[in-house]
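# Coordinate analysis (summary)
Listed below are the residues making up each chain.
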Amino acid sequence: MSWQADEDGADRARLAEFRDELYSSLGMRRDVLFEACDALACRPERVHMLAELCLEPECRRGHGGLYDALNCGEVRIGRLRRALSALPLRRWDDGRIRLACDVSNWLRPDAETSPERLFCHCYARGKGNAQMIPGWPYSFIVALEPGRTSWTLPLDAVRLGPADDATEVTAAQVRDVTARLVAAGHWHEGDPDVIVVLDSGYDLTRLAWLPRDLPVDVTGRLRSDRVMYFPAPPRVPGANGRPPRHGARLDLGEPSTWPEPATATVTETSRYGTAEARAWGRLHQQLAKRAGWEHHDGELPVVEGTLIRLQVEHLPGCRDAEPLWLWSSRAAAGEQDVDRAWQAFLRRFDIEHMFRFLKQQLGWTRPKLRDPAAADRWTWLVIAACAQLWLARDLAADIRLPWQQPCAPGRLTPSRVRRGFRRIRQDLPVPASAPKPSRPGPGRPAGSKNQRPATRHDVGKTVKREEPKTKTHNQPG
């Protein structure tokens, strides 16, 4: 019992320290912002609108002050990022840190007065259906944990603007997060590389090239219609002309172009049945000077990696599972590296649980905010509330609904920890000061018209080219 008490005391002290650092990371309107974050973490039900937080006892201000704090307040994002990176991460058996990157959309289809909206790719009902809906896309980086769990620790979030390149933003995020993890002492010289897993839609070759000086192993999924190339054969003595840069062709959609794999593994899993992995080393993509490589100085690089074909026996709810193609920036991967790569990618889907919790429970995309800067402040308050729940998961009691099954110790979900966070907060210091009584302003007189209508903004990329795009010989006309 004394050992358990010591562990609880350490966890409680760590949570109190993070709350103090969170309060110091807030500037103007810090008391309102801090109480809104507390109300968000303590509210046991779903958040449907921002004004509902003012009904919680943790938020002692009105809804007008809460909206004013989000519109005019200040969140020092740099300090809050360092506080999140300093939290203790649960190491895996191999001692590696695993990060996952993905984009989640805050859809705002009817917000014509909100600037910097982009067309967000969203999956509609039905297989193979997709829609493009205006909204604010956010790029997240989270730390994954070992074991089957729905917990992830969000470390960074950046809203993608009309002038941003998603690949460059993600690469900069990976660089900054890695630097903060090194500064926090989570990675030292000589430790194994950090694994960063991504889903399809990313330019994996460019993401492996931009942070090539970092101890990072990029692993992601490829589309099944991609074409990869082996290293170029050695130059024949006395041959004329430019030496070849690409070797034999491997078409992911044509099995006739697949040679014998360099590595093949078979693993028995409890969730997917038999998993067969076949890997080919030192494969690269043929690049062209367009899109992200358009302004590359010098000759385009040859970025080699390991191509992995993963075939599982079945998926949850699907008997016939299609093969999965992965690419790792580790050029020559052995059997352990191949198994580690595809197993780390399967754990990438834990970030989907976090997105579902942020949107459905914490109400991340519920507020109807006009200013994107206010949306950024609210996003970081939601991340701070999620981090507090992450720290309190070993302190919370299992407060379950009558129809829910008991949960084993240490296996509480984020929703159940949130249900018991109010009891934990009673023993924690609250740095926010009490509100001062005041009278509300007069506002706009009833019946008068708005003399300053808000500006309407276009949706999508608004960056104009410096020079018009010229026609090529293949284009008609």
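Summary of the structure given here.

## Focus: the packing of aromatic side chains
Scanning the model with the defined rule gives 10 aromatic pairs in all. With a centroid separation of 5.5 Å and an interplanar angle of 90°, the aromatic rings of Phe 140 and Trp 364 are classed as edge-to-face. One end of the pair, Phe 140, is in strand S3 (residues 130-143); the other, Trp 364, is in the loop between helix H8 (350-361) and helix H9 (372-391), and 224 residues separate them in sequence. Accessibility assignment for this pair places Phe 140 and Trp 364 in one class, buried. Ring geometry for Trp 258 versus Trp 280: centroids 6.4 Å apart, planes at 55°, classification tilted.

## Structural notes on the side chain of Ser 104
For Ser 104, the location among the structural elements is in strand S1 (residues 98-107). Accessibility expressed as a relative area gives 3% for Ser 104, which makes it buried. A polar contact of 3.0 Å, which involves the side chain of Ser 104, links it to the side chain of Lys 359. If near-sequence neighbours (up to four positions away) are discounted, Ser 104 is found in contact with Trp 136, Pro 137, Tyr 138, Phe 140, Phe 355, Lys 359 and Trp 364.

## Observations concerning the nonpolar core
Residues Leu 99, Phe 140, Leu 307, Leu 358 and Trp 378 are the most contacted members of the largest nonpolar core, which totals 107 residues. Per-element tally for this core: the top contributor is H9, with 14 residues. If we skip the residues at most four places from it in the chain, Phe 140 touches Ala 100, Cys 101, Asp 102, Ser 104, Asp 156, Ala 157, Met 354, Phe 355, Leu 358, Trp 364, Thr 379 and Ile 383. The next biggest cluster of nonpolar side chains, apart from the first, holds 16 residues, and it includes Ala 275, Ala 333, Val 338 and Leu 346.

The rules behind each value
Per chain, the residues get numbers from 1 upward, laid out in the order the sequence is written. Given that the model is predicted, a residue must reach a pLDDT of at least 70 before its local features are reported, and side-chain atom pairs must reach 80 or more before they are shown or counted; all residues, however, enter totals for whole chains, interfaces and linings. Excluding hydrogens and water, the side-chain values take into account all heavy atoms of the structure. The rule is short: rings of Phe, Tyr and Trp, with Trp giving its six-membered ring, pair when the centres are within 6.5 Å, and they are stacked under 30 degrees, edge-to-face over 60, tilted in between. Where helices and strands are cited, they refer to DSSP runs of H or I of at least four residues and of E of at least two residues respectively, numbered from the N terminus. Relative accessibility under 20% of the residue-type maximum defines a buried residue, over 50% an exposed one, and the middle range a partly exposed one, all with a 1.4 Å probe and only protein chains included. Polar contact is the term for a pair of N or O atoms within 3.5 Å; when the atoms are in protein, one must be able to donate a hydrogen and the other to accept it, and sequence-neighboring residues count only if both atoms are side-chain atoms. Any two residues whose heavy atoms approach within 4.5 Å at even a single point are treated as in contact. Residue types Ala, Val, Leu, Ile, Met, Phe, Trp, Tyr and Cys, when buried and joined through side-chain atoms within 4.5 Å, form a set referred to as a nonpolar core.

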